Every structure is written in structure tokens, then in C-alpha cells.
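Below, each chain spelled out in residue letters.
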Number of protein chains: 2
Amino acid sequence: MAEYENNCFILHGAVVWSEGLNDLRQLDDGYVICDEGLCAGVYEEIPEAYRDFPVEDHWDGIIIPGLVDLHVHAAQYNNRSLGMDMELIEWLDKLTFPEEARFAQDRDYAVMSYDAFAEDLFIGATTRAVVFATADYLTTLKLMDALEDRGLVTYVGKVNMDRNVPDYYVETTKKSLRHTERWLSRVDGRYENTMPILTPRFTPTCTRELMDGLGELAARYGLPVQSHLNENPREVEWVRELEPDSASYSDTYLRSGLFGGDVPTIMAHCIYNTEEEIALMRDRGVYVAHCPQSNLNIASGIAPVRRFLDEGIHVGLGTDVSGGHSASIFETMKAAIQSSKMYWRYVDSTKKPLTFPEAFYLGTLGGGHFFGRCGTFREGYEFDAVILEDSNLYTMRDLTPAERLERIVYLSDDRNVTGKFVRGEKLY
Amino acid sequence: MAEYENNCFILHGAVVWSEGLNDLRQLDDGYVICDEGLCAGVYEEIPEAYRDFPVEDHWDGIIIPGLVDLHVHAAQYNNRSLGMDMELIEWLDKLTFPEEARFAQDRDYAVMSYDAFAEDLFIGATTRAVVFATADYLTTLKLMDALEDRGLVTYVGKVNMDRNVPDYYVETTKKSLRHTERWLSRVDGRYENTMPILTPRFTPTCTRELMDGLGELAARYGLPVQSHLNENPREVEWVRELEPDSASYSDTYLRSGLFGGDVPTIMAHCIYNTEEEIALMRDRGVYVAHCPQSNLNIASGIAPVRRFLDEGIHVGLGTDVSGGHSASIFETMKAAIQSSKMYWRYVDSTKKPLTFPEAFYLGTLGGGHFFGRCGTFREGYEFDAVILEDSNLYTMRDLTPAERLERIVYLSDDRNVTGKFVRGEKLY
């Protein structure tokens, strides 16, 4: 596209973006400027300096920053919206482990499944994601290829697990670490937008030896980490039995250097964190991937998101497919709002429900922060943008751009996503 | 369609239907027979008696009974998925009353809005609905016309309210009753599939005099009744203040002959029912319209559906647009399952969450019972059927028809509804 040379262009239409938790901005008729792949701000009129940039008009469209998914299992994509009548441990044994194991046994199956997952992200409003693959590092590379091909920006992790997993899927400690290093060497220099992230599945499936080995890799390669934390009461109890010497579930990661500080870390769920763990997450800058779809579906509970936000903890949203039934971050925003209302009603009436602007913040800037300068249209931020159309969401009312966006959060599907830009590249 | 003469035909494909709360049936390759508008059962092979009926093949489709919406506000359709950060009373004052009032002030607005609502029901999987209009009886007739034109089977109510409503929308008691009678006389003999239902909005907006007048009309014309009950704690408290002489919120309806017994009655929500009210609903055969989308969105709470079912109370699902953000009963089934899990987790761990088969029962046979023999493919039941296609909901897995249906409940939109039959008439 000649006119977008050097990723310099302007998007013109209604614009909605978040500048902070309670700071939703909108312009009825605005110009979002991309200057060499970085955002140069949103304006009511095109500033003098950008007058020669090509303008792409979206008269009926709404321009928003790309959505960010902080927690999703690509290898569970075939299972989304299936088996929703189980809790975590049964769900892992009956539905999830057999499916993930199949990815190593049948590479064609893996490639086609990963491709479908990548395509779903591509056609939706998500521009960045942090992804679990499976323990099989070879097909993990295929997933990374598929995501790179689509132009999305992602972190992807080969999963590590050396205990409490069925024989057909468990790794030995040695193999788990060796394959992780092989995977890292294969990844090295291979991608522009696809980065590795260390991925101990969760404490019940990782011995101390494996955790320590991963901690060394994190330090040696300067890699980030993702895992699960305090998702389900039975899981929490199990961890207490497995790790009697650890001060807390969080401590089982911390002891091996896998819990924030110099190691950027995402922990999914965090529903049953103790006070000490909340303080630890805050002090060590650990990100919460809040996964309300999943937490509702497999009956895990409701994370105290308001508390996390009040503490200044980083929070983003995760679809958690296939605990989450859908790969849509819009659907996840809706679930975040709805479940926070039940938390307020039934758990703690001092914790105000999440509002729509807050949920939108979490799904853009909140999670985007893990990727650096990302998730809003602030000057100097990487330019990820999505064009939304809502003409099929009929209403007789005249609405502001923010009201139109609220309706899109609750009612839209892939038909409403009509344009997408990542790091200044036009994907469609 | 010549070959469907006398509404005699056969649908061929995968079939899923509910025969009871925990009795989900499926056939990979089945024949559903329609004999003069009534169902003649589901078969693996076409019985001898029906060999000359034309067969409509749906090789990739799933055939299910039509969905039933027991509670929806047509006049709030323009507001769906808007203003979801408010509770009931504020939401009524700021969002709902101004919108409904506009329907009397601007008839064109009303006609176009109602038409959009009817079209949404038409293209979705709902075949039957029980609907609130507004206080304006003339445009209520326009809504009934639009629904009749679409071939759907509905009950529609002109809303009654003579207190605690803004001046621009309130009726006098006399006018409310007089207009109700005029409306009933205009409806008489006008429709084949569209029936009137008396609709006192809810106790806070109805004086005793109005309630008594409606009770007389119910008895005189043999009409059913719909209203709201125990939706929000502040509303419940308000009713206690307004009606100190009534034994309960339910009693405020019962005293005027508007609560079951000989008067078929639907009460929406029923979240904060007392033990006495639960017993009263059971004894008088009052239907619960369970509206979990709405109960989540306007933070009302979670109705004790398991308790109602254990008591043998009739329960169906309501979208409750626009407390509910979507007119889809599939979306409502999902919300019913999800919120029942939070009820189990946080309110009462003895109340098992709703399963997918149970939610599907509620959205078909459960609500269908209000319409008589409706909501399943049992012999002699009125033939409402929907054809679903799921090829766009990609998965590599081989699934049973019931598993495919579970995915449709969680992931589908109007694209997945490709055929529809009501009372044996093919709509598309």
C-alpha cells in the first residue's frame, strides 16, 4: 500500500479510547495519527505537521485501540464452549489434557487447530495476546508461525509440567527443561512480532526442580513468565498439601524466581489470593490476568478486581479459552462487568462494580502495559487500532461514540470488526 | 409452498430436544414429523403412516424446538446494551421511562422501533414470547401487528401504571383502565397468533384501585397476567413501605386477583421471594420468568432457580430486554448457567448449578408450558422448530448433536439460525 509508506497515515472517524481506569475519551469526528508505526495522538483537526499524511476515512466507523488478551490457551480452541458443566480439576482431566496431548500425537491436527485459533484472533478485535501452547515444543513453533503470519503481536509459551498429569501427557523434568531450551534456540531470531514466554503450567503440575530450572532460564535469557494462581478452592488446597514448605501459593513461584521483580510475570485468575499474596503481587509488579468468562463457566468464583485496582496492581483481561467459551475480549469485558456486580452484591458491598469504561480500560491499556507502550492512542505508543462498524446493531437512538462502543461490547461479533492495524501495519 | 399443504411435512437432520428438566434427547440422523401443524414425534426412520409427507433435508443442520421468551420489553429494544452501569430505580428513571414515553409522543418512532424488535425475534431462534409494550395502547396494537405479520406466537401487554412514574408518562387510574378496555376491544378477533395479556407494570407504579380494576378485567375476559416481583432489594423495601397492609410483595398482586390460580400469571425475576411467597407461587401455579442477563446487568442478584425447580414451580427464561442486553434466549441460557454457578459458589452451596440440558429445558419446554402444548417434539405438541447451522463455529473435533448445540448456546448469533417453523408454518 504505497500511500502508507513508512507506516505514516491518519485514520478518520469517531474515536474512543481509554487514558486511564476512569478516563474514557471520545471524539465524534477525530483523526488518529500514525507516524512511523507510533501513535502521534488524536486530534479534532489534522495538525500542520501531518497534512501530507494519507487519510483513511471511516465515516460510519468507530476507531479504538486494539484489544489485549493476557491469557488464552490456543491448544484448547477446539474445546471452546464445550463441557461447561465441570469444575477445574475434572475439566482438566476429562476435557483439556486429552485434547492438548493430541497436539503432539497428530501434528496435522495441531497445525490446523492453531491456524483456526490464529484466524479467530485475526478477524476479531484483539491485536495482542499472551498465549499457552502445549508441552510439545515443535507444534508450539507452528502456533508461533501462524500468529506471526497473521501480523499479531504475541507472547507464546511452551507449557512445562512434570507431575500430576496423565502418563500420556506428562514430561520428565529433564525433558521439559531440555525441550524448553531447544524451543528457545529455535525461536531465536525467527520472528518479528512473536516472543517466547516461560510457562510452568501451575504449581500442581511442576516439581521444585522444574520450577528452579525455569527460574534459571528466566534469569539467563531475560524471559517473562506466565502461569495460573488461586483459581479454584480445591486447587488451592491441593497446592497447600503439595508445597507445605511454601508460605503461600504465590511463594511456590517466588522461590524459584518466577514471580515478578526483574521477571515480568502474568498470573491468571488470582481469585483466592490472601492479603499477603496481594501485597506481594503489588510489590513485585506481577500482572493479574482477570479471566471472568472462565471463572463463571467452570464455577471458580469471582476475582476481587476492585481490590487489585485500588492496590495499584496491574490488571488486564484474559479470555482463557477454553475455560472461557469465546476468544473475544469484548465478551470478556461483559463478563468482567457482570461478575463484578455479583461480587458487590454477594461478597463485598464495599467493592463497587466495574463500569463499562473501567472494563474497556482493562481490555486495552490495562493489559497493554505488559507489552510496553501499548493499548491507547497516547503519543509515542505503538499504533494498534481496530475499526468497528455497528450498523447491524439496530437502534433508533442517536448515540455518542462511547455509547455505541458499549453496545458493541455487549452485542457484537466478528462482523463488526472491519479494519485492523498492528504496530502501524494495516492488516485489513 | 404446495408440498407443505395442510402443514404436513418432515424435517430431516440431527435433532436435539428436551423432554424434561434432565432429559435432553438427541438423534444424529432423525426425522421430525409435522402433521397438520402438530408434532407427530421424532423417529430414526419415517413411519409407514407418514411415507408420503414431503421431507426437507438439513444434512448439516440441527433441528430444535423453538425457543420461548417469557419476559421481554419491546419498547426498550432501542436501549439494549446501553446504560448498564445503573441499578433498577435509577435505570427506570434515567433510561427506561423517557424511552417508553416517546412511543406515545412519536408514533413513527414507535412503529419503526417495534418493527425492528419483531424482526430481531424473527431472525433469531425464538418462536414465542410474552411481551411488555408501553402504556400507550394505540402503538401497542402496532407492536401486535408487527409480531403477527412475522408469524410468531406472542402474548403482548399494554402496560398499566398510575403512580410513581414521571408526569410525562403516568396514567390516571381511570384512563389506564379505560384504555385497557379499548385496547382489548380493538384486539378482539384481530389476530391469529397474537394474544393480549394484562400488564400491571409492578406494584410501585400501580394503586390498589388500578390493581383491582385489572383483576376484574382478568376475571371478566379470562385473561392472563404478567408483572415483576422481588427484583431488587430497594424495590422490595419500597413495596413494603407502599403496601403496609399486604402480607408480602406477592400478596399485593394476589389481593386483586392477579396472582395465579384461575389467572395464568408470569412474574419476572423473583430473586428475593420469601419462603411464604415461594409456597404461594407453587400452590397457585405462578410462572417464574427467570431473567439472568438482566439480573446480572442491573446488579439485581441471582434468583434461586434450583429451589424453584425443586419445589415444582414453573420456570421459563426471559431476556428482559433492555435490562437484558440481548433478545437472544441462547444468551439467556448462558447467563442462567453462569449465574447459577455463582449462586452455588457464594450464596448456597447446597443448590447445584444449572447444567446445559437444564438451561435448554428452561428456554424451551419450561417456558413453552405457558403456551400450552409447546416447547418440545412430543406427539400432539404444536410444531415450533428452528434449524441451526454451526459450520462457522470452527472446531476440529467430532461432536454429538447435543455438544454442537451447547456450542451454539455459547457462541452463536443470528447467522446460525437458518430455518424456522411456527405452529407448522414455515417462516423461512
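Residues numbered from 1 in each chain as written. Chains lettered and ligands numbered in written order. Predicted model: local features only at pLDDT ≥ 70, side-chain atom pairs only at ≥ 80, totals over all residues. Heavy atoms only, no water.

Observations regarding the interface of chain A and chain B
- Listed by partner, the interface residues are 57 residues for chain A and 57 residues for chain B.
- Looking only at chain A, the three residues that lose the most surface to chain B are Y346, M396 and R397 of chain A, adding up to 14% of its buried area.
- With its nearest N and O atoms 3.3 Å apart, the salt bridge here joins R415 of chain A to D413 of chain B.
- Where chain A meets chain B, there are 37 residue pairs in polar contact (both at pLDDT 80 or more).
- Of all the secondary structure elements, the ones that give two or more residues to the side of chain A that touches chain B are α1 (88-105), α2 (107-123), α9 (292-297), α11 (329-346), α12 (356-368) and α13 (401-411) of chain A.
- No other element matches α11 of chain A, which puts eight residues into the side of chain A that touches chain B.
- Across the side of chain A that touches chain B, the residue classes tally to 26 nonpolar, 16 polar and 15 charged. (Contact = heavy atoms within 4.5 Å. Buried area = accessible area lost by both parts, 1.4 Å probe. Salt bridge = Lys/Arg side-chain N within 4 Å of Asp/Glu carboxyl O. Polar contact = N/O pair within 3.5 Å; in protein donor to acceptor, adjacent residues only side chain to side chain. Helix = DSSP H or I, 4+ residues; strand = E, 2+ residues; numbered from the N terminus. Nonpolar A, V, L, I, M, F, W, Y, C, P; charged D, E, K, R; others polar.)

Considering the relation of the copies chain A and chain B
- Taken as rigid bodies, chain A and chain B are interconverted by a rotation of 180° and an axial shift of 0.0 Å, the fit giving an RMSD of 0.0 Å. Taken together, the rotation angle and the small translation identify this as a two-fold axis. Proximity to the rotation axis, assessed at the C-alpha, singles out Y346 of chain A in chain A; its C-alpha lies 3.3 Å from the axis.
- Counting the interface residues of chain A, we find that 100% of their copies in chain B are interface residues as well, pointing to one common contact surface. (Least-squares fit on C-alpha atoms with pLDDT ≥ 70 in both.)

Structural notes on the domain arrangement of chain A
Residue and element names in this part refer to chain A.
- Assigned domains within chain A: domain 1 (5-64 + 378-426) and domain 2 (67-371).
- On a C-alpha basis, the centroid separation for the pair domain 1 and domain 2 is 29 Å.
- Counting residues at the interface gives 28 residues for domain 1 and 30 residues for domain 2.
- The contact between domain 1 and domain 2 buries some 2300 Å² in all, and 67% of this surface belongs to carbon and sulfur atoms.
- Inspection of the domain 1/domain 2 interface yields two salt bridges.
- Applying the counting rule to domain 1 against domain 2 returns nine residue pairs in polar contact (both at pLDDT 80 or more).
- In terms of residue count, α13 provides more of the side of domain 1 that touches domain 2 than any other element does, six residues in total.
- The class makeup of the residues in the side of domain 1 that touches domain 2 is 16 nonpolar, four polar and eight charged. (Domains from an automatic or database assignment.)

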